[in-house]
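# Fold and contact review
Read off the chains here:
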Amino acid sequence: MALSPAARAAGVQIGMRRGGVLMLMPEARIELRSHERETEAMGAVAMTMLQYTPQVALAEEATLLLDIGSSLRLFGGIRRLCERIRANMAALGFTACIACAPTARGAWLLARRNAGRALTMDSLVRRLDRLPVGLLPPARPFASWFEGIGCRRLDELQRLPRPGLQRRCGRALLDMLDAAYGLNAELFQWVAPPERFHARLELFDRLEQADLLLAGAHRLVLQMTGWLCARQLAVERIRLSLDHERGRMARPPTLVEVALAEPTWRDEHLLRLLRERLAKLELEAPVIGIGLEAQQLQAMAPPTDSLFPDPGGTEEDRMRMIELLVARLGADNVLQALPVADYRPEVANAWVPVQQKVSAAARAAQMPPDVQSLPRPSWLLAKPIALLMRDHRPFYGSPLRVASNPERIEAGWWSQTQTRDYFIAEGQDHALYWIYRERINGTGEDAAPRWFLHGLFG
């Protein structure tokens, strides 16, 4: 059915038996044809193509028909659309002959012959006239008869008497010929996307390095992108399952979950996140298959109505950057501020993972207005640092000069009492520090004030 360039160079031809192949090329690797896998492959390609048009139909002889009449302007014209389709096919691991024509059957014939694009009916007719009659499946059983009467091309077939041709070859040949030339209407059964997306891919070999799984994950992400576009949905969470050995050595699959701060339906962003996650993953066993599932979904957001784009990028662009940082650095290292309504700085300065959903009530819980008007540092230390005293002045790299009036904080009597006087201090390098002095009642050495560094001004 098919052969590689190396086999063709060795003399192997399509239709040759196994013994003849091994005689010409003893090292040949022969794979049995699997109709089930071919059907799965066509389904995967059809699912991927749904991102360009919802009208995708499966045709005979491993051909897909796409009605892209309403998609040309969206994707920048026929050339860019064909380039994107060709790139998707390469990512899926397949090669394709792509052709375009005003009629579906005309495009099918041009693709079977790899005859390029015909964007007008006149151009299509000229290209079809030069094609051989044997491209039409209903004409193949009568190939010897057409050869005998000297009818080799479609333009010659068009000139034959139609009643006699119908009696000898049947009505199906005329219907296919008329459909190719646009003389009658065509009806197709479009591919319907399933209610839920779950795709799986069997690997050809056992893989022991997680980063090598990215190519297979890319194939699954492309299918999910087509499914999301066809269903007009955006995904918030995906789960990649890595299947290991079965049988006596069976073990549960390794799960890689990716949560998105903002829903998306684009494969580039999802692929970047998976690349970062797989690069840090250590496999405990070889992987023989991978699966992808879309877990949390919501309706696709409409495009913005803004005439002029934001110079700093859209909110979606910023969230993608944050998600990439989370995938690269870890969720515990990318935080967002969640201030608590408390006078004590340690309690008010609360941080949570950036991907954690924060309710509107929690965001509204801010500091009292009298505190918001006071200068506070942008960087608060996790633990205050005790300062040395030199010449009765706090010292941190250099003597610190108090440059503000005190801010007195007396709070926490119900849990942890704080009695402090905060100051803005300036060092000899003109850096500004946020320091405080503990207020201690009593006399003697233990009653001497102690100074601490609590924050830095940016």
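Reference entry: report on the structure contained in this document. None of these values were measured; they are calculated from a predicted model. (Residues numbered from 1 in each chain as written. Predicted model: local features only at pLDDT ≥ 70, side-chain atom pairs only at ≥ 80, totals over all residues. Heavy atoms only, no water.)

### Observations concerning the overall build of the protein
Across its full length, the protein carries 16 helices and 16 strands. Every one of the 458 residues in the protein was classed for burial, and the buried ones make up 38%. Put simply, 56% of the contacts in the protein that link residues at least 6 apart link residues at least 24 apart. Working note: accessible area of the protein is about 28000 Å², and carbon and sulfur atoms make up 53% of it. (Helix = DSSP H or I, 4+ residues; strand = E, 2+ residues; numbered from the N terminus. Buried < 20%, exposed > 50% of the residue type's maximum accessible area, 1.4 Å probe, protein only. Contact = heavy atoms within 4.5 Å. Areas by Shrake-Rupley, 256 points an atom, 1.4 Å probe, with all protein chains shown as cover.)

### Considerations on unusual backbone geometry
Positive phi is not limited to glycine here, since Asn 114 has a value of about 55 degrees. Turning to its location among the elements, Asn 114 is positioned in the loop between helix H5 (104-113) and helix H6 (121-129). The phi dihedral of Gln 232 falls on the positive side, at around 55 degrees, and the residue is not glycine. Its location among the elements puts Gln 232 in the loop between helix H11 (214-231) and strand S4 (233-243).

### Some thoughts on the packing of helix H3 (residues 35-49) against helix H4 (residues 78-92)
Each pair of packed helices gets described by two things: the angle between the helix axes and the distance between those axes. The N-to-C vectors of H3 and H4 enclose an angle of 145 degrees; their axes lie 11 Å apart at closest approach. Regarding H3 and H4, the two cross each other, and that crossing is right-handed. Each of Val 45, Thr 48 and Met 49 in H3 lies in contact with H4, whose residues at this interface are Ile 85, Asn 88, Met 89 and Leu 92. (Axes fitted to C-alpha atoms, helices over the stretch in contact; angles between N-to-C directions. Left-handed = near helix turned anticlockwise from the far one by under 90°.)

### Quick look at a nonpolar patch on the surface
Taken together, the side chains of Met 16, Met 23 and Leu 24 define a hydrophobic patch exposed on the protein surface, amounting to about 290 Å² of accessible area. With respect to the helices and strands, the residue Met 16 is situated in the loop between helix H1 (5-9) and helix H2 (18-24). In this structure Met 16 comes out as partly exposed when scored by relative accessible area, which is 31%. (Patch = residues over 30% accessible without salt bridge, like charges linked within 9 Å, V, L, I, M, F, W, Y side chains within 5 Å. Salt bridge = Lys/Arg side-chain N within 4 Å of Asp/Glu carboxyl O.)

### Some words on the sheet that holds strand S3 (residues 198-207)
Sheet architecture is open: four strands sit in the order S3-S6-S4-S5, paired in antiparallel fashion. Two strands bound the open sheet, and with one partner strand each, they are S3 and strand S5 (254-264). Strand-to-strand twist of the sheet, defined as the mean angle between neighbouring strand axes without regard to direction, takes the value 20 degrees. Of the pairings in the sheet, the one linking S3 to strand S6 (residues 287-299) comprises six bridges and is antiparallel in character. Across the sheet, residue Leu 201 finds its bridge partner in S6, namely Ile 290. Contacts between H11 and the sheet are confined to S3, S4, S5 and S6, with S6 contributing the most and set at about 25 degrees to the helix. Running over the sheet, helix H12 (residues 267-279) touches S4 and S5 and is turned about 145 degrees from S5. (Pairing = 2+ DSSP bridges.)

### Some points on the state of the cysteines
This model, assessed by the stated rule, comprises zero disulfides. You can see Cys 151 has no disulfide; the closest cysteine sulfur is in Cys 169, sitting 9.1 Å from it. Since its relative accessible area comes to 4%, Cys 151 is described here as buried. (Disulfide = S-S within 2.5 Å.)

### Observations regarding the packing of aromatic side chains
Per the counting criterion, the structure on display carries nine aromatic pairs. Residues Tyr 52 and Phe 75 carry aromatic rings whose centres are separated by 5.1 Å and whose planes lie at 70 degrees to one another, so their mutual orientation is edge-to-face. Placement of Tyr 52 in the loop between H3 and strand S1 (56-59) and of Phe 75 in the loop between strand S2 (63-66) and H4 is noted, with a sequence separation of 23 residues between them. Here the two residues Tyr 52 and Phe 75 agree in accessibility, since each one is buried. (Phe/Tyr/Trp six-rings, centres within 6.5 Å; stacked < 30°, edge-to-face > 60°.)

### Considering H3
The end-to-end C-alpha distance of H3 is 21 Å, a good match for the 21 Å that 15 residues give at a rise of 1.5 Å each. Restricting attention to buried positions, one finds in H3 the residues Ala 44, Val 45, Ala 46, Met 47, Thr 48 and Met 49. If you follow the buried residues of H3, they end up packed against S1, S2, H4 and H11. (Expected span 1.5 Å × (residues − 1).)

### Digging into the pairing of strand S16 (residues 451-456)
Working note: regular strand, side chains alternate between the two faces of the sheet. For S16, the buried fraction is high: five of the six residues fall into the buried class. Here strand S9 (residues 379-386) pairs with S16 via four bridges, running antiparallel. Note that in S16 the partner of Trp 379 across the bridge is Leu 456. Relative to S16, strand S15 (residues 432-438) is paired through five bridges, and the arrangement is antiparallel. Bridging from a neighbouring strand, Tyr 433 pairs with Leu 456 of S16.

### Considerations on the nonpolar core
Membership of the largest hydrophobic core comes to 55 residues, with the highest contact counts inside it found for Leu 213 and Met 224. Breaking this core down by element, the ones donating at least two residues are H3, H4, S3, H11, S4, S5, H12 and S6. When residues of this core are assigned to their parent elements, the largest contribution, nine residues, is made by H11. Residues contacting Met 224, with those up to four places away along its chain left out, are Phe 197, Val 235, Ile 238, Leu 270, Leu 292 and Ala 294. (Core = buried A, V, L, I, M, F, W, Y, C linked by side-chain atoms within 4.5 Å.)

### Description of the environment of Arg 246
Counting through the fold element by element, Arg 246 comes out in the loop between S4 and S5. For Arg 246, a relative accessible area of 53% gives the class exposed. In this structure the C-alpha to C-alpha distance between Arg 246 and Ile 288, which are 42 residues apart in sequence, comes to 9.3 Å. Not counting residues up to four positions away in its chain, the partners in contact with Arg 246 are Arg 200, Glu 202 and Ile 288.

### A few points about the side chain of Asp 421
Topologically, Asp 421 is positioned in strand S14 (residues 418-426). In terms of polar contacts, Asp 421 uses its side chain to reach the side chain of Arg 408, at 2.9 Å. Setting aside anything within four residues of it in sequence, one finds Asp 421 in contact with Pro 406, Glu 407, Arg 408, Ile 435, Tyr 436, Arg 437 and Arg 439. (Polar contact = N/O pair within 3.5 Å; in protein donor to acceptor, adjacent residues only side chain to side chain.)

### Description of the environment of Gln 336
You can see Gln 336 is positioned in strand S7 (residues 335-337). In this structure the C-alpha to C-alpha distance between Gln 336 and Pro 353, which are 17 residues apart in sequence, comes to 6.0 Å.

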